[in-house]
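The residues making up each chain are set out below.
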Amino acid sequence: MVLERLWQAAWPLATVLLVGVALAGFGGLQGFVPRVLLAIAALVALAFAARRFDWPQSDYALRRLDDSLPGHPISAISDDQATGLDDPASSELWHAHQHRMVKRLEKVAPVAPNLRVAPKDPYALRLIAVTAAVMALGFGTWRTTSPLGSGEASAAIAAASWEGWIEPPSYTGQPSLYLGDQPDGTLAVPKGSRLTLRHYGDLHALAFEGSILKAPVGNTPSISQQIEKGGFLSIAGPYPRSWSITAIDDAPPEIRTTGPLTRQLSGEFTLGFVATDDYGLTNGEVIMELALDQVSREHGLTIDPEPRDDLTVDLPLPYRGARTLVEGSLQETLVEHPLAGLPITLTLQAQDGAGQFGESAPFPMILPARRFLNPVAKALIEQRRDLLWNRANARRVAQILRATLFHPEDLSLPEGLYLQLRGAIRRIEAGVAFGETSEGMPSDLRDEVAQVLWDVAVELEDGQLDDARDRMREAQRRLEQAMQDGATPEELAELMEEFREATRDYLDQLAQQQPREDDPNAPQSENMIELSQSDLDEMMDRIEELMREGRQDEAMQMLDQMRQMMENMQMAQGGESQQPGEQAREELRETMRQQQGLSDQAFRDLQEQGQGSQAGENQDNEGRDGGQGRGQSHVGSGGEQGNSGDGGAQDDPSGQQGGDLAGQQRALQNQLNAQRRNLPGAGDPSGQAARDALDEAGRAMGEAADALEQGDIPEALNQQADAMEAMREGLRRFDEAMANEQARQEGEQGGNPGESQNAGNQDPLGRNQTGNRGANATDNPLGDTEETYRRAEELMQELRRRSGEPDRPELERDYLKRLLDQF
């Protein structure tokens, strides 16, 4: 209460004192009048405080404390019973009331002082004074004596100060140097940096000197100049400073080619390069100039070419990061340029931020052109080259084209292409006639005719292949753009499916136009690679997996690799390769074995969870049956999960040994979906039924994976059993579709109907089918070796032994009985 009353009375005095501190900090008390006024205000505030302050008494303290408590217990205890003194009930009630009031005093706490003076200070003068005092203490100059001192005035001494800094050119990326923070000595800065010096206060107290300054400074308050050469800089004054500044010259960039020039069949070429600069490159170009002395001057090239600007393309530079060292590769496709197929000199040019250029040594090369195999297309491209070489060849080009089309029936040209060529000939002849009366054939007309010749040649060469290729490239571009834009997983899956279909259409077109191996005109190249449909499916599955994991950069890199591979692709053919039906059947059977092994592993996990007391026996059984069974009949990843040997990693569908069952089940589902999409026999009803069955199996696998993720192993086992049954039905339907397709082909070739029917009743291993359960219902064993019979007998005995053990879980024994029913 003393603090409360003191603050309530003395807050004006505190405000006056804080104002005095603020005035002293900012030099407001340098005269006599301000000090007198401040002293008067302080005395008035002190008198006000002395008058208002009243020392609190003990009875007031008790009332203040009593008012803060519920029910005023202090006053209640001090009271006496007024009535009913002779009544025992009234006395008892009074004592109970007194006792309750005493209980309330057990948890009494001191009353907090009330320091709120806002109602007495509506303009918040005290807060303004506090803010001003804090600002004065932090930023004030304190150039005067204390206002409460002896009162002797002292003249303000204006202190002289300076600041300076050096700003390197922005292209260097280096920070500015504040001279006040730099120790005396040598300073190395890039040439062209800007020096700035500023002088405050008394201009005669400090002096800027040095050979680095371009002109005498005198009393100039500021200096700003560029540093073109090194020199000495000093600051004379109470605290002298000096530096020796060195101007570092900016070296021009350097660039050179690395590695050999590589070409693609499409005309795309790649050339590596390395460029360096001390501060970083800003631009790069590739200049290609015709090497006229290397041109074979024959046919339309005998005359001099028309003047043409050098071909210039931008050099690829990184968008982010330092450009002091750039190692990259130039990838360009210039097959439509007039210089395509001609000798050129390639020069790489780099530029830095200072405007300096660096060039590589000239690189002689033949500008890669597209390779045309169709003789008519090749002739059209040659005439296009002559026309673009010089418009003076226009008459000769028209004559050769007319001679080429003299017997159009011998060329087997589509009517549309023939009409385009006839129109091009008429336009060339019109341009020649116009050129006889002017400066020559118009350049825009020449370029239009050249484009027509190119389009016709490309269509003759590729047929409908470009349409499929363009669709594939557009699908890839949309997929890459979606990954860059952060599309949802559902959108990425839809775009990936679109890319799969476009790629499949392109491969179909490519297979139709694949030249025979004995064709002498078939293109041969070291860059050609051989791919099968399964290879491409594996790459696409890997790309889709990377997208699901959020590794978009790796997915885009694999897409680019796949594009490069398909540019030089040759479909895997030949007598040694499997037929599509046989390969698909073997892949489906392998998937079934993997699913069986995965189910076995799930049952072992369930057994370990439910019967901990039999862990030793179960581990022994698992080591015996899992190690052998997985090596023969259960080759799936689930079966190999319990095997710690090296062989377990070979058939793991998830791509990693020891992965969780849910991830393996999900990978197996993706594998089955890929096999279903590429299943032959789409036009046959049995083939469609096989697809439907495999689709049902994939759904069951997905639900099994969900159950495994939730830890519901019994439900997962039920779904896995449904998936196995659906896959068996799919295999049976697929065998029927392949048998129908074989019978149809033999019937078309005039074969014996009886032989065709007999062939249709054989499975892929050549065994006659006697049952109605597909390829597994045959009258021959899977193998005729003694080891096969011995192993089968061991497996059957072990299954019977386990199914007869009453201490095993009921769910496991039901599963073993279902296995025995299959055989």
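Since we're looking at a predicted model, the values are computed, not measured.

### Quick look at the overall build of the chain
1) Next: Looking only at helices and strands, one finds 23 helices and 18 strands in the chain.
2) Next: When the 823 residues of the chain are sorted by exposure, 39% land in the buried category.
3) Next: Across the chain, the fraction of contacts at a sequence separation of at least 24, relative to all contacts at a separation of at least 6, is 68%.
4) Next: Approximately 45,900 Å² of the chain is accessible, and the part contributed by carbon and sulfur atoms is 51%.

### Focus on the packing of aromatic side chains
Aromatic ring pairs: the centre-centre distance and the angle between the two ring planes describe each pair.
1) Next: With the rule as written, the count across this model stands at three aromatic pairs.
2) Next: Aromatic side chains Phe53 and Trp55 sit 6.1 Å apart centroid to centroid with 80° between the ring planes, which places their arrangement in the edge-to-face category.
3) Next: We classify Phe53 as partly exposed; its relative accessible area is 27%.
4) Next: Looking at Trp55, the relative accessible area reads 52%, which means it is exposed.

### Digging into a nonpolar patch on the surface
1) Next: Among the surface-exposed residues, Phe32, Val33, Leu37, Ile40 and Val44 lie close enough to one another that they form a single nonpolar patch of about 540 Å² accessible area.
2) Next: By the element assignment, Ile40 lies in helix H2 (residues 32-52).

### Let's talk about the confidence of the model for the chain
1) Next: Per-chain confidence: the chain averages 75 in pLDDT, with 77% of residues scoring 70 or above.
2) Next: Within the model, pLDDT remains below 50 along residues 143-158, and this stretch shows 16 contacts once partners closer than five positions in the same chain are excluded.
3) Next: Segment residues 570-578: pLDDT under 50, and 15 contacts once partners within four positions in sequence are set aside and those in other chains are kept.

### Here we look at the packing of helix H1 (residues 2-25) against H2
1) Next: For the pair H1 and H2, interaxial distance at closest approach is 7 Å and the crossing angle is 160°. Viewed along their axes, H1 and H2 adopt a mutual orientation that is roughly antiparallel. You can see that H1 and H2 cross each other, and the crossing is left-handed. Contacts between H1 and H2 pair Ala9, Ala10, Pro12, Leu13, Val16 and Gly20 from the former with Leu38, Ala41, Ala42, Ala45, Leu46, Phe48, Ala49 and Arg52 from the latter.
2) Next: Grouping the amino acids of the contact of H1 with H2 by side-chain chemistry returns 12 nonpolar, one polar and one charged.

### Topic: the pairing of strand E12 (residues 311-314)
Residues in a regular strand project their side chains so that they alternate between the two faces of the sheet.
1) Next: The two faces of E12 differ: Leu311 and Val313 on one face are buried, but Thr312 and Asp314 on the other face are not.
2) Next: Sheet analysis places strand E11 (residues 281-290) next to E12, joined by four bridges and oriented antiparallel. From the neighbouring strand, Glu285 faces E12, where its bridge partner is Asp314.

### Observations regarding the nonpolar core
1) Next: Formed by 34 residues in total, the largest nonpolar core has its most connected members in Leu588, Leu672, Leu679, Leu694, Met701, Met727 and Phe734.
2) Next: When residues in this core are grouped by element, the largest group, 10 residues, is from helix H20 (residues 713-748).
3) Next: Formed by 29 residues, the second largest nonpolar core is a distinct cluster that contains Phe372, Ile381, Leu405 and Ala424.

### Remarks on the pattern of salt bridges
1) Next: One pass over the full model with this rule turns up 27 salt bridges.
2) Next: A salt bridge links Arg391 to Glu306; its shortest N-O distance comes to 2.9 Å. Of this pair, Arg391 sits in the loop between helix H7 (375-389) and helix H8 (394-404) while Glu306 is found in the loop between E11 and E12, placing the two residues 85 residues apart along the sequence.
3) Next: Residues participating in the shared-partner salt-bridge network are Glu306, Arg391, Arg446 and Asp447.

### Looking at the pairing of strand E10 (residues 269-276)
1) Next: In terms of residue burial, E10 counts as a mostly covered element, since seven of its eight residues are buried.
2) Next: The sheet contact formed by E10 and strand E13 (residues 325-332) spans eight bridges and is antiparallel. Opposite Ala275, over in E13, you have Val326 as the bridge partner.

### Considering the sheet that holds strand E3 (residues 185-190)
To summarise the sheet geometry, strands pair through backbone hydrogen bonds and adopt either a parallel or an antiparallel arrangement.
1) Next: If you trace the four strands from one edge of the open sheet to the other, you get E3-E8-E7-E5, paired in mixed fashion. Every other strand in the sheet has two partners, leaving E3 and strand E5 (207-209) as the edge strands with one partner each. Put simply, the sheet's adjacent strands are angled 25° from each other on average, direction ignored.
2) Next: Sheet analysis places strand E7 (residues 231-236) next to strand E8 (residues 241-248), joined by five bridges and oriented antiparallel. For Ser234, the partnering residue across the bridge sits in E8 and is Ser242.

### Considerations on the side chain of Asp277
1) Next: Mapped onto the elements, Asp277 comes out in the loop between E10 and E11.
2) Next: An unpaired buried charge is present at Asp277: no salt bridge exists, and Arg323, the closest side chain of opposite charge, is 10 Å distant.
3) Next: Only 3.0 Å separates the side chain of Asp277 from the backbone nitrogen of Gly280, close enough to count as a polar contact.
4) Next: Look past the residues within four positions of Asp277 in its chain and what remains in contact with it is Ala251, Pro252, Pro253, Thr324 and Asp352.

### Focus on unusual backbone geometry
1) Next: You will see that Ala124, though not glycine, has its phi angle at about 55°, which is positive.
2) Next: Here Ala124 is to be found in the loop between helix H5 (88-104) and helix H6 (125-139).
3) Next: Overall, the relative accessible area of 23% leaves Ala124 in the partly exposed class.
4) Next: Residues other than glycine seldom take positive phi values, yet His299 does so here, at roughly 55°.
5) Next: In this structure, His299 sits in the loop between E11 and E12.
6) Next: Residue His299 is classed as partly exposed on the basis of its relative accessible area of 47%.

### Observations regarding the sheet that holds strand E2 (residues 177-178)
1) Next: Across the sheet, four strands lie side by side as E2-E1-E4-E6; this open sheet has antiparallel pairing. Looking at which strands have only one partner, the edges of the open sheet turn out to be E2 and strand E6 (222-226).
2) Next: Here strand E1 (residues 161-167) pairs with E2 via two bridges, running antiparallel. Counted as the bridge partner of Ile166 is Leu177 from E2.

### Considering the environment of Ser78
1) Next: Position of Ser78 among the secondary structure elements: in helix H4 (residues 73-78).
2) Next: Through-space distance from the C-alpha of Ser78 to that of Gln98 is 9.3 Å; in sequence the pair is 20 residues apart.

### Regarding the environment of Asp470
1) Next: Looking at the element boundaries, Asp470 is found in helix H11 (residues 465-484).
2) Next: On the basis of relative accessibility, which here comes to 43%, the residue Asp470 falls in the partly exposed class.
3) Next: In the structure, Asp470 is positioned 36 residues away from Tyr506 in sequence and 9.0 Å away in space, judged by C-alpha atoms.

Calculation rules
Residues numbered from 1 in each chain as written. Predicted model: local features only at pLDDT ≥ 70, side-chain atom pairs only at ≥ 80, totals over all residues. Heavy atoms only, no water. Helix = DSSP H or I, 4+ residues; strand = E, 2+ residues; numbered from the N terminus. Buried < 20%, exposed > 50% of the residue type's maximum accessible area, 1.4 Å probe, protein only. Contact = heavy atoms within 4.5 Å. Areas by Shrake-Rupley, 256 points an atom, 1.4 Å probe, with all protein chains shown as cover. Phe/Tyr/Trp six-rings, centres within 6.5 Å; stacked < 30°, edge-to-face > 60°. Patch = residues over 30% accessible without salt bridge, like charges linked within 9 Å, V, L, I, M, F, W, Y side chains within 5 Å. Salt bridge = Lys/Arg side-chain N within 4 Å of Asp/Glu carboxyl O. pLDDT = per-residue confidence, 0-100. Axes fitted to C-alpha atoms, helices over the stretch in contact; angles between N-to-C directions. Parallel < 35°, antiparallel > 145°, perpendicular 65-115°, else oblique. Left-handed = near helix turned anticlockwise from the far one by under 90°. Nonpolar A, V, L, I, M, F, W, Y, C, P; charged D, E, K, R; others polar. Pairing = 2+ DSSP bridges. Core = buried A, V, L, I, M, F, W, Y, C linked by side-chain atoms within 4.5 Å. Lys, Arg positive; Asp, Glu negative; His and termini not counted. Polar contact = N/O pair within 3.5 Å; in protein donor to acceptor, adjacent residues only side chain to side chain.

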